[in-house]
There are 2 protein chains.
Amino acid sequence: MAKTKKQPRPKAETPKGFRDYFGSDVSERAEMLGTIAAVYHRYGFDALESSAVETVEALGKFLPDVDRPNEGVFAWQEADEDGRGDWLALRYDLTAPLARVYAQYRNDLPTPYRRDAMVPVWRNEKPGPGRYRQFYQCDADTVGTASMAADAEICAMLSDTLEEVGIPRGDYLVRVNNRKVLNGVLETMGLVEDVARRDAVLRTVDKFDKVGEGGVKELLTKGRLDASGAYIDGVGLSEDQAAPVLAFLTSKDDDAAITLNNLRAAVGGSQSGLEGVAELEQIADLLSAQGYGPDRVEIDPSVVRGLGYYTGPVFEAELTFDILDEKGRKRQFGSVAGGGRYDDLVKRFTGQAVPATGVSIGVDRLLAALREKGRISSTSAGPVVVTVMDRDRMADYQAMVGELRQAGIRAEVYLGNPKNFGNQLKYADRRASPVAIIEGGEEKDRGVVQIKDLILGAKIAENATLEEWKSRPSQFEVPRAELVAKVQEILDGQGE
Amino acid sequence: MAKTKKQPRPKAETPKGFRDYFGSDVSERAEMLGTIAAVYHRYGFDALESSAVETVEALGKFLPDVDRPNEGVFAWQEADEDGRGDWLALRYDLTAPLARVYAQYRNDLPTPYRRDAMVPVWRNEKPGPGRYRQFYQCDADTVGTASMAADAEICAMLSDTLEEVGIPRGDYLVRVNNRKVLNGVLETMGLVEDVARRDAVLRTVDKFDKVGEGGVKELLTKGRLDASGAYIDGVGLSEDQAAPVLAFLTSKDDDAAITLNNLRAAVGGSQSGLEGVAELEQIADLLSAQGYGPDRVEIDPSVVRGLGYYTGPVFEAELTFDILDEKGRKRQFGSVAGGGRYDDLVKRFTGQAVPATGVSIGVDRLLAALREKGRISSTSAGPVVVTVMDRDRMADYQAMVGELRQAGIRAEVYLGNPKNFGNQLKYADRRASPVAIIEGGEEKDRGVVQIKDLILGAKIAENATLEEWKSRPSQFEVPRAELVAKVQEILDGQGE
């Protein structure tokens, strides 16, 4: 008889480019999404959780990002009777599914339809450091109205949202621009049809924040010597041709009215450009009437937003405080949200253009920012650990955690092998436990428990003076009946 | 030049077997999961959100459910350089990914590791009515301890969870059994090796709730005439052979100690059976010491649980109140959660058996039960709608919703075409708005607003007498400055 070949063990590994999220990473995100959902809800938005799986037909196969047309989706073919069914794919964003949902249910949904969605999306991209193939998006969109009041509302809501999750006024700015204005400028330059040069100009405009007016001027014309010493080819415009772009980029003034006048000049006689400026003016008026001034929302011509599908206003929320990058240099935290108006996505399905506008918050970046600034109200404190001194008295220890939980205190009994007490304290340490409870036979007989303040204990062990050590003991003996009250007291003190 | 063929429009359809969730369906589920997470957290469980995508190798390709071995997963092959990369798949449950995660991170995770997870899973099954290919699971598991205290804790936590989400004591029951007891009974019958007959006996045991002692006896022996008149073949045991199964199934008594004695008798001399009874006794003792009596948790030998991987205690939570089925007949709502001990899942990866126990709550069924009983505290009330009487005064209307939101009231401005006022009220109706605000030019001049109580208005329109109509107007005129206070007053009254 042939030997049965032994199956190799499967590898315990997340697939390349995917990751798992543990403990506070999950609960802090859930808490932040809950806060955001409450703001959106107050603004009249309704939650939508569309199917994670879409037909490739409905989704469109590729990302609409013109800069990365080859990046795709995770797709597979359904097996029907002939083995050749529909192609299905995981959603790569929340806008394509919204367009499908709106087209599918348009007769039942209110118009305008305000919806929010906060779920993962998947992208079949080459994984890289910090670049994952599954991540959360958090979107709010208003479908079915061309009114600039919808765009203004989203800017105000974005501003409220950032403050509510813990970014104070002054530490963020919502910047608004309008694609039509930029198109108007390109029109005056005669570049609307010259796609290659137009895109080169757009890419250059996007670099304004980094290289400034002089840099953009060089890049639009003859080219520029990089900080690294490399020579970057220019777009090849004459200085005269480049002038409207520079006028556009330098339009920004602290007074929105002056910015708008500058923009009006920059777009010359372009109809589309003037329309864009008028739209920006409406948004600015609505926002300022509601008290959203330039300390929260401002018009900024340098906002471009990569996605090809935007047709009118575009917005971006930036965090303006400095952080240190990996090399210890100061830099601004940067963008945490963006969006704009897109009017053609539903048309794919119905043939009718449906105006829509929306915003997407980069959940992971926003969480990173809040952690950076220590502004996450952590619910991630470890549990009180009741140690097991006598394995036959498990019921006693369970009763203790029961009482603690009744009082709303996170608590657990050590359920590993209780033989080695050191292991129990190591476990409490790994759990980031604030407090450990000890009740051996001797304590039981005397009707008391030992309560160990692990946070204070660690502090004392690290750097307390002898006096402090003596004056602030980290272990307390209390009557069993006072267990909960004493633990509560210690926890309250640790929060200080 | 050849005509370019016009591309047909994509169909706006969810793929077969998938669905979208709207508004309150999403927010009510999120709220319930938040409540459950808080209970789990209090018990010391830490959240885990594993990658939705796993390698097929890590996942194992098929569901572990012995009854449905052919049902599968959504899988695809990665394209590497040669176009033949790893096979990846969407997770089909939360236990297989937990086993992978624990094996992958076992040196960094605490032992025992208590984790909870509340995310969608995907199954490549034939869709049917009410049977979807994506649904939520909500699991809590303790990995790395063989202690029955872990199983008892999960039963207590399940009981707490049900009460916290709104199922009062008396309307549910957590039933506990132990696979080893059933195995012991099969051992005394000499059926452990005879897989086909053993499985037939297990399937029959599972029908005890429906057909009772007499029915099971018939099914185990000669067969049985169904209620529909069909004849169901029996397993073919003699009455003597069937006796231990019947003794086992009828072991249940209101007094757990008597149940345990009956079970001890039913397993005869089987070592495994006696071990199972001893484990049940430990669980019952721990639970009763914490006050979880038979009004919340009881030993019930008829609990089987389909999954093949359970190795010890198994639990099931049932809702015990009656509902009316689609034909208007009374029936019990039934199971909303289940789980048990499984000791071999991590072994696939590491070669070492790791004891584990856990529970899974059927989120959608539990939500359905809460809705059935009217016990969902709905956050799904529609927004106050501020109508647009004069489109040039959008800023005024935005200011109103701004004030309402400041007071925590959900509110929005109508952003559709304001020309036809009837459409605005129709919109408010579709949004389930409680209140509409009207401020035309005439009101503006007089410094007042009209506030329409839409809930009362609908009631009056439906069935009020003339007197009521006169005495309870559904429209109020108040000074503009009293807008928020009056809306709040109306909303408070509607809640009564």
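Analysis parameters
Just so you know, the residues in each chain are numbered from 1, in the order the chain's sequence is written. To label them, take the chains in the order written and letter them from A, then take the ligands in the order written and number them from 1. pLDDT decides what is reported in this predicted model: residues at 70 or higher carry local features, side-chain atom pairs at 80 or more are listed and counted, and totals for whole chains, interfaces and linings draw on all residues regardless. Strands are runs of DSSP state E lasting at least 2 residues, helices are runs of H or I lasting at least 4, and numbering of each runs from the N terminus. In this description the radius of gyration comes from C-alpha coordinates, and the expected globular size is given by 2.2 Å times residues to the power 0.38. To assign burial, the other C-beta atoms lying within 10 Å of each residue's own C-beta are counted, with C-beta atoms placed from the backbone; 20 or more indicates buried, 12 or fewer indicates exposed, and intermediate counts indicate partly exposed. For the purpose of contact definition, each residue receives a C-beta atom placed from its backbone, and two residues are in contact when these atoms lie within 7 Å. For two strands to be treated as a pair, DSSP must find at least two bridges joining them. Domain delimitation follows an automatic or database domain assignment. Under this scheme, a helix contributes an axis fitted over its contacting stretch, all axes are lines through C-alpha atoms, and angles between N-to-C directions fall in the 0 to 180 degree range. The term nonpolar core refers to a group of buried residues, namely Ala, Val, Leu, Ile, Met, Phe, Trp, Tyr and Cys, whose C-beta atoms join them within 7 Å. Each crossing is labelled by how the near helix is turned from the far one, with a counterclockwise turn of less than a right angle marking it left-handed and a clockwise turn marking it right-handed. Put simply, Ala, Val, Leu, Ile, Met, Phe, Trp, Tyr, Cys and Pro go in the nonpolar bin, Asp, Glu, Lys and Arg in the charged bin, and everything else, Gly too, in the polar bin. Expected helix span is taken as 1.5 Å per residue step, with the number of steps being one fewer than the number of residues. Bend, at a single residue, is the angle you get between axes fitted to the 7 residues ending at that residue and the 7 residues starting at it. The fit set for superposing copies consists of C-alpha atoms from residues with pLDDT of at least 70 in both; the fit itself is least squares. As a per-residue measure, pLDDT reflects the predictor's confidence and takes values from 0 up to 100.

Draft legend 1. How the structure looks around the overall build of chain A. The secondary structure content of chain A amounts to 18 helices and 19 strands. The C-alpha atoms of chain A give a radius of gyration of 29 Å, which is well past the 23 Å a tight globule of 496 residues would have. In terms of principal-axis extent, the alpha carbons of chain A reach across some 95 × 75 × 55 Å. Buried residues in chain A amount to 44% of all 496 residues.

Draft legend 2. Region of the structure containing the interface of chain A and chain B. In this complex, chain A contributes 75 residues to the contact, which on the side of chain B involves 75 residues. Tallying contributions element by element places helix α13 (residues 394-406) of chain A first for the side of chain A that touches chain B, with 6 residues. As judged from the 2 bridges shared by strand β2 (residues 46-49) of chain A and strand β1 (residues 21-22) of chain B, these two strands associate in the antiparallel manner. If you follow Leu48(A) over to β1(B), its bridge partner there is Phe22(B).

Draft legend 3. Seen up close, the domain arrangement of chain A. With domains assigned, chain A is organised as domain 1 (24-372) and domain 2 (384-494). Distance between the C-alpha centres of domain 1 of chain A and domain 2 of chain A: 51 Å.

Draft legend 4. Structural view of the pairing of strand β12 (residues 313-324) of chain B. All names here are of chain B. Bridge count between strand β8 (residues 172-178) and β12: 7 bridges; the pairing is antiparallel. Each residue of the ladder has a partner; that of Val176, found in β12, is Phe315. Pairing of β12 with strand β13 (residues 330-342) involves 9 bridges; the strand directions are antiparallel. The residue of β13 that forms the bridge with Leu319 is Gly334. In this structure, the hairpin formed by β12 and β13 is closed by a connection of 5 residues, where Gly328 is found at a positive phi of approximately 80°.

Draft legend 5. Fine view of the pairing of strand β5 (residues 87-90) of chain A. Residues and elements named next belong to chain A. With 3 bridges connecting them, strand β3 (residues 53-55) and β5 associate as antiparallel partners. Along β5, the bridge assignment pairs Glu54 with Ala89. With 3 bridges connecting them, strand β4 (residues 75-77) and β5 associate as antiparallel partners. Within β5, the position partnered with Ala75 by the bridge is Ala89.

Draft legend 6. Layout of the sheet that holds strand β5 (residues 87-90) of chain B. Residue and element names in this part refer to chain B. Overall, antiparallel pairing links the 3 strands, which are arranged β3-β5-β4 in an open sheet. Only two strands of the sheet have a single partner each, and these edge strands are β3 (53-55) and β4 (75-77). Put simply, the sheet's adjacent strands are angled 30° from each other on average, direction ignored.

Draft legend 7. Representation of the nonpolar core. Ranked by internal contacts, the top residues of the largest apolar core, which has 264 residues, are Cys155(A), Leu158(A), Val386(A), Cys155(B), Leu158(B) and Val386(B). Two domains each donate at least three residues to this core, and these are domain 1 (24-372) and domain 2 (384-494) of chain A. Residues in contact with Leu158(A), not counting those within four places in the same chain, are Val174(A), Phe315(A), Ala317(A), Ala337(A) and Val359(A).

Draft legend 8. Quick peek at the packing of helix α1 (residues 24-42) of chain A against helix α4 (residues 148-165) of chain A. Residue and element names in this part refer to chain A. Closest axis-to-axis distance for the α1/α4 pair is 9 Å, and the angle between their directions is 145°. Crossing of α1 against α4: the hand is right-handed. The segment α1 lies against α4, with Met32, Thr35, Ile36, Val39 and Tyr40 engaging Met157, Asp160, Thr161, Glu164 and Val165. A class-by-class count of the residues in the contact of α1 with α4 yields 6 nonpolar, 2 polar and 2 charged.

Draft legend 9. Inspection of helix α7 (residues 208-220) of chain B at higher detail. Residue and element names in this part refer to chain B. Between the first and last C-alpha of α7 there are merely 11 Å, a value that for 13 residues lags more than 12% behind the 18 Å anticipated at 1.5 Å per step. Helix geometry: α7 is bent most strongly at Gly214, by close to 80°. For α7, the set of buried residues is Phe208, Val216, Lys217, Leu219 and Leu220. At its buried positions, α7 is contacted by α6 (195-205), β9 (223-225), β10 (231-233) and α8 (239-249).

Draft legend 10. Summary view of the relation of the copies chain A and chain B. It takes a turn of 180° to lay chain A on chain B, together with a shift of 0.0 Å along the axis; the resulting RMSD is 0.1 Å. What the superposition gives is, in effect, a two-fold axis relating one chain to the other. Across chain A, the rotation axis passes nearest the C-alpha of Trp76(A), at a separation of 2.8 Å. Mapped onto chain B, 100% of the interface residues of chain A again fall at the interface, so both copies present the same surface.

Draft legend 11. Spatial organisation of the sheet that holds strand β17 (residues 435-438) of chain B. Residue and element names in this part refer to chain B. What the 5 strands build is an open sheet, ordered β16-β15-β17-β18-β19; its pairing is mixed. Of all the strands in the sheet, just β16 (411-413) and β19 (475-479) have a single pairing partner and so form its edges. Neighbour-to-neighbour, the strand axes of the sheet open up by a mean angle of 25°, direction not taken into account. As judged from the 3 bridges shared by strand β15 (residues 384-386) and β16, these two strands associate in the parallel manner. Looking across to β16, one finds that Val385 is bridged to Glu412. Of the strands in this sheet, β15, β16 and β17 are in contact with helix α13 (residues 394-406), which crosses β16 at around 175°.

Draft legend 12. Representation of the environment of Pro120(B) in the model. Residues and elements named next belong to chain B. Secondary-structure assignment places Pro120 in strand β6 (residues 113-122). For Pro120, a count of 19 C-beta atoms within 10 Å translates into the label partly exposed. Linking Pro120 and Val267, residues 147 residues apart in sequence, is a C-alpha distance of 40 Å.

Draft legend 13. Main features of the environment of Ala428(A). Residues and elements named next belong to chain A. Summarising the element assignment, Ala428 is placed in helix α14 (residues 421-430). Each C-alpha atom of the pair Ala428 and Arg264 lies 65 Å from the other, and the pair is 164 residues apart in sequence. When near neighbours in sequence (up to four residues on either side) are disregarded, Ala428 contacts Val385, Ser433, Ala436 and Leu454.

Draft legend 14. Molecular detail of helix α10 (residues 271-289) of chain B. Residues and elements named next belong to chain B. Helix length check: α10, at 19 residues, gives a terminal C-alpha distance of 27 Å against a target of 27 Å (1.5 Å per residue), a fit within 8%. Taken together, the buried positions of α10 are Gly273, Gly276, Val277, Glu279, Leu280, Ile283, Ala284, Leu286 and Leu287. Phi turns positive, to about 85°, at Gly291, one or two residues after α10.

Draft legend 15. Looking closely at the environment of Ile299(B). Inspection of the secondary structure puts Ile299(B) in strand β11 (residues 297-299). For Ile299(B), the residues in contact, after removing those within four places along its chain, are Val176(B), Asn177(B), Ala256(B), Thr259(B), Leu280(B) and Ala284(B).

Draft legend 16. Layout of the confidence of the model for chain A. All names here are of chain A. Here chain A averages 87 in pLDDT, and 91% of its residues register 70 or above. Residue range residues 62-70 is modelled with pLDDT below 50. Its contacts to residues more than four positions away, or to other chains, number 12 contacts. ipTM for the predicted complex: 0.87, alongside a pTM of 0.88.

Draft legend 17. Summary view of unusual backbone geometry. Residues and elements named next belong to chain A. Residue Pro112 is reached from Thr111 by a cis peptide bond, and omega for that bond is -5°. With respect to the secondary-structure elements, Pro112 resides in the loop between α3 (95-105) and β6 (113-122). Here Ala432, not a glycine, exhibits a phi torsion of approximately 55°, which is positive. Relative to the elements of secondary structure, Ala432 occurs in the loop between α14 and β17 (435-438).

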